[in-house]
Amino acid sequence: MSIPHTKRLKPEAEAEYRAIHANVWPSVLAALARHHIADYSIHYYAPLRLLIANFKYIGSDYDEDMRGIAADPETQRWWKVTDGMQESVVEGATGSGGDIPWWQVRLLQLDPGSLTYLGRDVQELEEVFRFEGGST
């Protein structure tokens, strides 16, 4: 199952966001892998400051795995660092792991063989993060 989601990047945080995502903490990547997340990528559409992310969920209990990620102390620490760099497009959202989702899920349109946003192939956008998955 493919899970696309979006949020905005604060303009003053662009350099820091790029730097931290160029070196994602191994403990955060391990949590993603433990909870059946694979092929996770984030692209950036600068004119709208839009982060467009997509990952594949390869487990059998999505809700349980999302709770597991949210309960992971290193992931919580990561969110404390990265949430301040972003703005949710979801009204009332206050941060990752909250009751109201921080990322707008399924805003993207999935076409067979491609991922598009605003009529543009996401692969044409600059990729700022990729996690292929697998064991860590």
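Provided above is the structure to which this section pertains.
Analysis parameters
- By convention here, each chain's residues receive numbers from 1 onward along its written sequence.
- Only residues with pLDDT of at least 70 get local features here, since the model is predicted, and only at 80 or more are side-chain atom pairs given and counted; chain-wide, interface and lining totals rely on the full set of residues.
- Side-chain measures were taken over the full set of non-hydrogen atoms in the model, leaving aside hydrogen atoms and water.
- Any two of the Phe, Tyr and Trp rings considered here, Trp counted by its six-membered ring, make a pair once their centres fall within 6.5 Å; the pair's planes then place it as stacked at under 30 degrees, edge-to-face at over 60, or tilted in between.
- Each helix is a run of DSSP H or I of at least 4 residues and each strand a run of E of at least 2, with the numbering of both proceeding from the N terminus.
- For every residue, the accessible area obtained with a 1.4 Å probe (protein chains only) is divided by the maximum for its type, and the residue is called buried under 20%, exposed over 50%, and partly exposed between those limits.
- Remark: a charge is flagged as sitting over a ring if the NZ atom of Lys or the CZ atom of Arg is within 6 Å of the ring centre and within 35 degrees of the ring normal.
- Two strands pair under a simple rule: DSSP has to find at least two bridges between them.
- Each polar contact in these results corresponds to two N or O atoms within 3.5 Å; when the atoms are within protein, one needs to be able to donate a hydrogen and the other to accept it, and residues that are neighboring in sequence are counted only if both atoms are side-chain atoms.
- Summarising the geometry, the arc corresponds to the directions from the helix axis toward the C-beta atoms.
- Here a residue-residue contact requires only that any non-hydrogen atoms of the pair lie within 4.5 Å.

Draft legend 1. Region of the structure containing the packing of aromatic side chains. Scanning the model with the defined rule gives three aromatic pairs in all. Geometrically, the ring pair formed by W25 and W78 is edge-to-face, given 5.0 Å between the ring centres and 85 degrees between the ring planes. Placement of the pair is W25 in the loop between α1 (14-22) and α2 (26-34) and W78 in helix α4 (residues 73-82), with a sequence separation of 53 residues. Judged by its relative accessible area of 19%, W25 falls in the buried class. Seen from their ring centres, Y57 and Y62 are 5.3 Å apart, and the 90 degrees between their planes marks the pair as edge-to-face. We note R77 situated over the ring of W25; from NZ or CZ to the ring centre the distance is 4.2 Å.

Draft legend 2. Region of interest: the pairing of strand β1 (residues 2-9). Most of β1 is tucked away, with six of its eight residues classed as buried. By the bridge criterion, seven bridges tie β1 to strand β3 (residues 50-57) in an arrangement that is antiparallel. Its bridge partner being in β3, R8 is matched across the sheet by L50.

Draft legend 3. A look at the side chain of H35. One can find H35 in the loop between α2 and β2 (37-45). Look at H35 and you get buried, because its relative accessible area is 15%. Side-chain polar atoms of H35 contact the side chain of D65, separated by 3.3 Å.

Draft legend 4. A look at α4. Among the residues making up α4, those that are buried are T75, W78, W79 and T82. Looking straight down α4, one finds its buried side chains confined to an arc of 100 degrees; they lie on one side. Within α4, the exposed residues directed more than 90 degrees away from the buried face are P73 and K80. On its buried face, α4 sits against α1, α2, α3 (62-71) and β4 (86-87).

Interpretation in functional terms is not warranted from these geometric data alone.
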